[in-house]
Amino acid sequence: MSIPQSGGGPIESHAQLTEYLAAGCKPKADWRIGTEHEKFGYCKDALKPIPYDGPRSVKAVLEGLRDRHGWAPVMEGENLIGLQKDGANVSLEPGGQLELSGAPLETIHQTCDEVTEHLREVKGVADEIGVGFIGLGAAPIWSHEDMPMMPKGRYRLMTDYMDRVGTMGKTMMYRTCTVQVNLDFGSEADMVQKLRVALALQPVATALFANSPFLDGKPNGMKSWRSRVWRDLDAARTGMLPFAFEDGFGFERYVDYALDVPMYFVYRDGRYIDALGQSFRDFMAGRLPALPGEVPTLSDWADHLTTIFPEARMKKFIEMRGADGGPWRRLCALPALWVGLTYDQGALDAAWDLVKDWDAETRDAWRVAAATDGLDAEVNGVKMLGLARQVVDIARGGLKARARPGLGGMVQDERHFLHALEDSVETGKTPADELLEHYHGDWNGDLSRIYADFSY
């Protein structure tokens, strides 16, 4: 999750909120790719999650990255809770999941190099202290009670609030991991088309990247349990945003939606002030119970936007949020999929043609079916496998048209990063299917084998 924002004067008008989002518009030459991924750390001998502090801990990994590789520390009070370097951040999810939020980069070649270097650095530190990391959409064995809580004020507030608004919020926080990509838009119209495509096709990403078929040590009946969790988290801040498909949708309508999402906190002087369930509209009028008489700054608005969790989210860019965390190849395939679909106009138009006639019920049905059945899903007589094949084909064409070479020109474009997804649509198998085959086959139901076989 995001680190606190800073800067920006007091908000004096509703128009500033819209202008904040519109400031994300960039010429195509300036569009960038920001990839984020999370992973679970565990003690190699006990196969239990690592705590925050101690010789084998999240903090020890952060300190190793800081001391060996030149990352600058991010502190909350006396606690080391993240790192920064060259536009990238390493941060902690609530249960100690380690997240890389990559720098904004021009090509997927660069993104994949960044991911590879990060995993190399992490492994070098982790191996020496007996820690491993694994890329999965959900913790396969650990219970909620097994998970530590990271020393971040934001997470303490959220944990207390989750059971008031849903049944699976704490599961999401402590026992899931994702891979995401953040992409730019050129204008309000471009944002609208991209966000609509992103929302409608998130279930395809969920299916292709499904990698969370286990919970509490056994199969859970889902290909993507992580995706299932989001459906019972907090209806006020999750979902498929049906209003985004209505006539007249744009920055202002998204602002109106965001203003109606209840607040979590206000960040002041290094601490999180409890504003759970309170209204940003009241904050604008100086009537926030948590800070009576104060009005928000633009950094408060930026923070509030990070507490909204739809399947595709808008800030000054668009976040694609539908995929489970996974192995290295998938960490590079996720940005390749969405860049291919959205950074070439011909591909974006083709993707929109696929989904433009779907109604809200169809989009929701795909979301539910993808979590349960992955590439075996079917809605209204349409099979997910065929749909996913079309989507990957469009993305491949978009990457070819983009024509961004790598390896000093030895690789002509970015299409090879889709190979993992091409394998999936060829075989009809997701990572979850492969895990279940092992579980029922050579693992003989011994789920502890997942650590040795699928860690980084």
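Up top is the structure these notes are about.
As a further point, take the state of the cysteines. With the rule as written, the count across this model stands at one disulfide. In this model Cys 112 forms its disulfide with Cys 332; the gap between the sulfur atoms is 1.9 Å. Between Cys 112 and Cys 332 the disulfide shows an S-S torsion of about 80°. By sign, it is right-handed. Placement of the pair is Cys 112 in helix H3 (residues 108-128) and Cys 332 in helix H11 (residues 328-342), with a sequence separation of 220 residues. Free cysteine: Cys 177, not disulfide-bonded; nearest cysteine sulfur from Cys 43 at 16 Å.

Throughout the structure, instances matching the rule amount to 18 aromatic pairs. For the ring pair Phe 214 and Tyr 439, a centre distance of 5.3 Å and an interplane angle of 50° mean the geometry is tilted. Residue Phe 214 is found in strand S8 (residues 214-215), and its partner Tyr 439 is found in helix H16 (residues 431-440); the two are separated by 225 residues along the sequence. Relative accessible area serves as the criterion here: at 2%, Phe 214 is assigned to the buried category. Aromatic rings pair up to connect Phe 40, Tyr 42, Trp 142 and Tyr 451 into one cluster. For Arg 237, the ring lying beneath its charged end belongs to Tyr 264, and the centroid distance is 4.1 Å. Between the NZ or CZ atom of Arg 253 and the centre of the ring of Phe 243, over which it lies, the distance is 4.3 Å.

Of all hydrophobic cores here, the largest spans 89 residues; its most connected members are Leu 201, Leu 208, Tyr 254, Trp 301, Leu 337 and Trp 338. A total of twelve residues in this core trace back to one element, the largest contributor, which is helix H6 (residues 188-208). Not counting chain neighbours up to four residues away, the residues in contact with Trp 301 comprise Ile 11, Leu 17, Tyr 20, Val 255, Ala 258, Leu 259 and Phe 280. Cys 43, Ile 50, Met 147 and Phe 214 belong to the second-largest nonpolar core, a separate cluster that totals 60 residues.

Definitions and cut-offs
Residues numbered from 1 in each chain as written. Predicted model: local features only at pLDDT ≥ 70, side-chain atom pairs only at ≥ 80, totals over all residues. Heavy atoms only, no water. Disulfide = S-S within 2.5 Å. Helix = DSSP H or I, 4+ residues; strand = E, 2+ residues; numbered from the N terminus. Phe/Tyr/Trp six-rings, centres within 6.5 Å; stacked < 30°, edge-to-face > 60°. Buried < 20%, exposed > 50% of the residue type's maximum accessible area, 1.4 Å probe, protein only. Lys NZ or Arg CZ within 6 Å of the ring centre and 35° of its normal. Core = buried A, V, L, I, M, F, W, Y, C linked by side-chain atoms within 4.5 Å. Contact = heavy atoms within 4.5 Å.

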